[in-house]
Amino acid sequence: MSVPPTLPRAPLTLRGVTFAPALFCAPMAGLTHSALRRLLADYGGYGALWTEMLCARQILVENIHTSPWLKRRPQEGQVIYQLLVTSAERLPEILERLAALRPDGLDLNIACPAPGIRRQGGGADLFEDEVRLREILRVARANFAGPLLIKTRLGREIPEWRQKFRERLRLLEDEGVDALTLHPRFAEEQLKRSARQALYGELAGGTRLPMIASGDLISQDQTQALAAQLAPTAGLMFGRIVAAQPWFFAKWQNPGLVVDYLDAWNRLCDYICEDFPATKALERIKQITPYFARNLYFGHTFFAKVTGAPDLATARGRASEFLAQNPLIAPRVTVNGI
Ligand SMILES: Cc1cc2nc3c(=O)[nH]c(=O)nc-3n(C[C@H](O)[C@H](O)[C@H](O)COP(=O)(O)O)c2cc1C
């Protein structure tokens, strides 16, 4: 009987930058801001954190040292900045400004299926536009010396999607991209249906670029069970489960880790309140609540209490009171449907 490959595997090195372990926190708009990254850094255990998708032009006007989208703390370790780019115009200027933050990698999003982003010509729309994509990559490559990555889906669900995807792989190789993250859903699917993990073998085998797997990965046991499908990939990326469990990577390295849920929640809220103005802080706390609630057996009650709160103090008070009573913890955490 053949022995399944074990995970995680070797560190990932791109342009001389080593990411060890090759376990990554996914870019998530509204979630992977500086405050969550700070909490993830407290726990550690990952190879790199992605920022959420940043509107490239916004970088020209934000204060890069105080903006909760842009700023990074030294303890975060390696941080890859993901950009929403729709044209090459002003890209050299944008990258010059970003350089002050010393990104450990630059990731361009050609995956995002949100209609608003696609209407601007970004995300999945850019995947479709070969000429514009090539021009943007050429300018990005010429103006950024570190690891250049792409995050993509499978493209549109059309009979010839495979051929189109392979053409895109050639384009990425030709234009000096160093690695890609594949979220194997079609552009139209949002987070519906399951990620097609069975495709990694075929698609990673069709390129010399290292491929990072993203989509529906939620635990060490599960990735171990999927080891044969994930073996051709060079790294694993986790999204929603990390929003639910910021200690996810630490627990991966140390399965015996005992989690203090009240402390984790309070620290997250403190960090959000430190980095965001009060009105935005409440929004951010409410945004991450459905994920954190998945840890709790009566998560729906926790969710209703926090998201129904009229102000920050009430939200924080209700959450602390709930968690201080040592609530029942869910036996298994899933992130389906959020
Ligand atoms: C709330 C939310 C925001 C997201 N924002 C981004 C984003 O800014 N950029 C991106 O490339 N992907 C984004 N994604 C997709 C994730 O990076 C990831 O590929 C997807 O959630 C599947 O992985 P998971 O099952 O581990 O969550 C987002 C996903 C969620 C749930």
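Refer to the preceding data block for the structure.
The model shown is predicted, which means the values in this text are computed figures rather than measured ones.

(A) Main features of the packing of aromatic side chains. Using the criterion set out here, one finds 19 aromatic pairs in the structure. Each ring, one from Phe-24 and one from Trp-50, has its centre 5.5 Å from the other, and the planes form 70°; the classification is edge-to-face. Here Phe-24, found in strand S3 (residues 23-25), pairs with Trp-50, found in strand S4 (residues 48-55); they are 26 residues apart in sequence, far enough to count as distant. Ring centres of Phe-248 and Trp-252 lie 6.0 Å apart, and the angle between their planes is 55°; this geometry places the pair in the tilted category. With Phe-248 and Trp-252 both in helix H11 (residues 248-253) and 4 residues apart, the pair spans about one turn of that helix.

(B) Molecular detail of the site of the ligand. Near the ligand, the surroundings consist of 18 residues, among which Pro-27, Gln-82, Ser-214, Asp-216 and Arg-240 are the closest. In this structure, Ser-214 approaches the ligand through a side-chain N or O atom, which is 2.8 Å from an oxygen atom. Gly-239 is positioned with one of its backbone polar atoms (N or O) 2.8 Å from an oxygen atom of the ligand. When the ligand is considered free in solution it has 610 Å² of accessible area, and contact with the protein chains removes 87% of it. Assessed atom by atom at 2 Å from the grid points, the ligand resides in the largest pocket. Its residues assigned to classes, the shell around the ligand shows 9 nonpolar, 6 polar and 3 charged.

Thresholds, definitions, all that
- Residues numbered from 1 in each chain as written.
- Predicted model: local features only at pLDDT ≥ 70, side-chain atom pairs only at ≥ 80, totals over all residues.
- Heavy atoms only, no water.
- Phe/Tyr/Trp six-rings, centres within 6.5 Å; stacked < 30°, edge-to-face > 60°.
- Helix = DSSP H or I, 4+ residues; strand = E, 2+ residues; numbered from the N terminus.
- Near = heavy atom within 4 Å.
- Polar contact = N/O pair within 3.5 Å; in protein donor to acceptor, adjacent residues only side chain to side chain.
- Areas by Shrake-Rupley, 256 points an atom, 1.4 Å probe, with all protein chains shown as cover.
- 1 Å grid on protein atoms, 1.4 Å probe; cavity = no way out; pocket = protein on both sides within 12 Å on 5 of 7 lines; lining within 4 Å.
- Sits in = over half its atoms within 2 Å of the grid points.
- Nonpolar A, V, L, I, M, F, W, Y, C, P; charged D, E, K, R; others polar.

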